Amino acid sequence: DPMGLFDLRRNDWAQDLVQAAGLRLDQLPATWPPGAVLGEVMPAAAAVCGLPVGLPVAAGLGDGQSAGLGAGVIRSGLAYLSLGTSVISGAFSETFVADRAFRTMCGGVPGTFLLETALMGGGYTINWFVEHFADPQARSQAALEAAIQAVPPGSLGLILVPYWNSVLNPYWDAGASGIVVGWRGAHGRAHLYRAILEGIAFELR
């Protein structure tokens, strides 16, 4: 992973790590803060992509971090939550902080950081359930929500750990897999679906 050679605190390559990896700095691209104008769309590129010639081209940002910027998370005390294939939450920080409990990302405001938690098996696990277990006649969000109304909190003891797609913070285990324990004869599809939602919620907490 080339990003393992990057020093977020300096917004530049970590020279000692680059050298330890047997590389040279001149083999790596220049680094820029988010939003920095790098150039403009050239005629040849414009002909291919349909963008106007001369349109400014700016340095980008990760998708989750862009979502945080779009949500206005640009000062201390603010955080965001992105629900998708992964469930991502991030808190704004003016200083660099590192811990196994989260991942430190470059913020949309140059020189700032976002402290993120990332649950890889968020919406991914829900989609897995819909594809493999949901009633084919009741796969809409409304139908799924209606089906779990009769299931009490705790899903009658069915507990789920949503590592269907490995786990990042705080365990950082690419080999981790999902877990469902507590099965009893009274459990059905609705219990499993609620256990997924509860597992995601508790994991995020």
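Here is what the cut-offs are and how they apply
- Residues numbered from 1 in each chain as written.
- Predicted model: local features only at pLDDT ≥ 70, side-chain atom pairs only at ≥ 80, totals over all residues.
- Heavy atoms only, no water.
- Helix = DSSP H or I, 4+ residues; strand = E, 2+ residues; numbered from the N terminus.
- Contact = heavy atoms within 4.5 Å.
- Pairing = 2+ DSSP bridges.
- Phe/Tyr/Trp six-rings, centres within 6.5 Å; stacked < 30°, edge-to-face > 60°.
- Polar contact = N/O pair within 3.5 Å; in protein donor to acceptor, adjacent residues only side chain to side chain.
- Buried < 20%, exposed > 50% of the residue type's maximum accessible area, 1.4 Å probe, protein only.
- 1 Å grid on protein atoms, 1.4 Å probe; cavity = no way out; pocket = protein on both sides within 12 Å on 5 of 7 lines; lining within 4 Å.
- Points joined across faces, edges and corners; volume = space filled by probe spheres on them.
- Nonpolar A, V, L, I, M, F, W, Y, C, P; charged D, E, K, R; others polar.
- Salt bridge = Lys/Arg side-chain N within 4 Å of Asp/Glu carboxyl O.
- Core = buried A, V, L, I, M, F, W, Y, C linked by side-chain atoms within 4.5 Å.

Comments concerning the environment of Leu168
Next up, step 1: Position of Leu168 relative to the elements: it lies in the loop between strand S9 (159-161) and strand S10 (179-181).
Next up, step 2: Spatially, the C-alpha atoms of Leu168 and Phe102 are 8.3 Å apart, while their sequence positions differ by 66 residues.
Next up, step 3: Look past the residues within four positions of Leu168 in its chain and what remains in contact with it is Arg103, Ala118 and Met120.

Details of the pairing of strand S5 (residues 79-83)
Next up, step 1: With five bridges connecting them, S5 and strand S6 (residues 87-93) associate as antiparallel partners. Directly across from Ala79, in S6, lies its bridge partner Ala91.
Next up, step 2: Connecting S5 to the antiparallel partner S6 that follows it, the hairpin turn spans three residues.

Some remarks on the packing of aromatic side chains
How two aromatic rings sit relative to each other is given by the distance of their centres and the angle of their planes.
Next up, step 1: This structure, assessed with the given rule, holds seven aromatic pairs.
Next up, step 2: Seen in terms of ring centroids, Phe129 and Phe133 are 6.4 Å apart; in terms of plane orientation they differ by 20°. Their pairing is stacked.

As for the environment of Glu145
Next up, step 1: Checked against the element boundaries, Glu145 lands in helix H5 (residues 141-147).
Next up, step 2: Spatially, the C-alpha atoms of Glu145 and Leu8 are 42 Å apart, while their sequence positions differ by 137 residues.
Next up, step 3: Polar contacts involving the side chain of Glu145 include one to the side chain of Gln141, which spans 2.9 Å.

Describing the side chain of Ser89
Next up, step 1: When you line up the elements, Ser89 lands in strand S6.
Next up, step 2: In this structure Ser89 comes out as buried when scored by relative accessible area, which is 17%.
Next up, step 3: A polar contact is formed between the side chain of Ser89 and the side chain of Thr117, at a distance of 2.4 Å.
Next up, step 4: Not counting chain neighbours up to four residues away, the residues in contact with Ser89 comprise Tyr80, Leu81, Leu115, Glu116, Thr117 and Leu204.

Some remarks on empty space enclosed by the protein
Next up, step 1: Tallied over the full model, the rule gives one cavity of 30 Å³ or more.
Next up, step 2: Quantified by volume, the largest cavity comes out at close to 30 Å³.
Next up, step 3: Surrounding the largest cavity, Gln65, Gly68, Leu69, Val73, Phe92, Gly107, Gly108, Val109, Thr112 and Leu114 form its lining.
Next up, step 4: Looking at the lining of the largest cavity residue by residue, the classes come out as five nonpolar, five polar and no charged.

Quick look at the pattern of salt bridges
Opposite charge on two side chains lets them pair, provided their charged atoms get close.
Next up, step 1: Tallied over the entire structure, the rule returns five salt bridges.
Next up, step 2: Where Arg9 meets Asp7, a salt bridge forms, and the shortest distance between an N and an O atom there is 3.4 Å.
Next up, step 3: We classify Asp7 as buried; its relative accessible area is 14%.
Next up, step 4: In this structure, Glu198 engages Arg194 in a salt bridge whose closest nitrogen and oxygen atoms are separated by 2.9 Å. Of this pair, Glu198 and Arg194 both sit in helix H6 (residues 189-204), four residues apart, which is roughly one turn of that helix.
Next up, step 5: With a relative accessible area of 16%, Glu198 lands in the buried category.

Some words on the nonpolar core
Next up, step 1: Residues Ile126, Phe129, Leu144, Leu192, Tyr193, Ile196 and Ile200 are the most contacted members of the largest nonpolar core, which totals 17 residues.
Next up, step 2: Of all the secondary structure elements, the ones that give two or more residues to this core are helix H4 (123-132) and H6.
Next up, step 3: Broken down by element, the residue count for this core peaks at six residues, all from H6.
Next up, step 4: Contact partners of Ile196, with chain neighbours within four places excluded, come to Thr125, Ile126, Trp128, Phe129 and Leu160.
Next up, step 5: Formed by six residues, the second largest nonpolar core is a distinct cluster that contains Val73, Ile88, Phe92 and Ala118.

Considering unusual backbone geometry
Next up, step 1: The residue after Asn169, namely Pro170, is reached through a cis peptide bond having omega -5°.
Next up, step 2: By the secondary structure assignment, Pro170 is in the loop between S9 and S10.
Next up, step 3: Of note in this structure, Asn11 is not a glycine but carries a positive phi near 55°.
Next up, step 4: With respect to the secondary-structure elements, Asn11 resides in the loop between strand S1 (6-7) and strand S2 (12-13).
Next up, step 5: Despite not being glycine, Trp172 shows a phi value in the positive range, around 50°.
Next up, step 6: Tracing the backbone through its elements, the reader meets Trp172 in the loop between S9 and S10.

Structural measurements only, silent on function.
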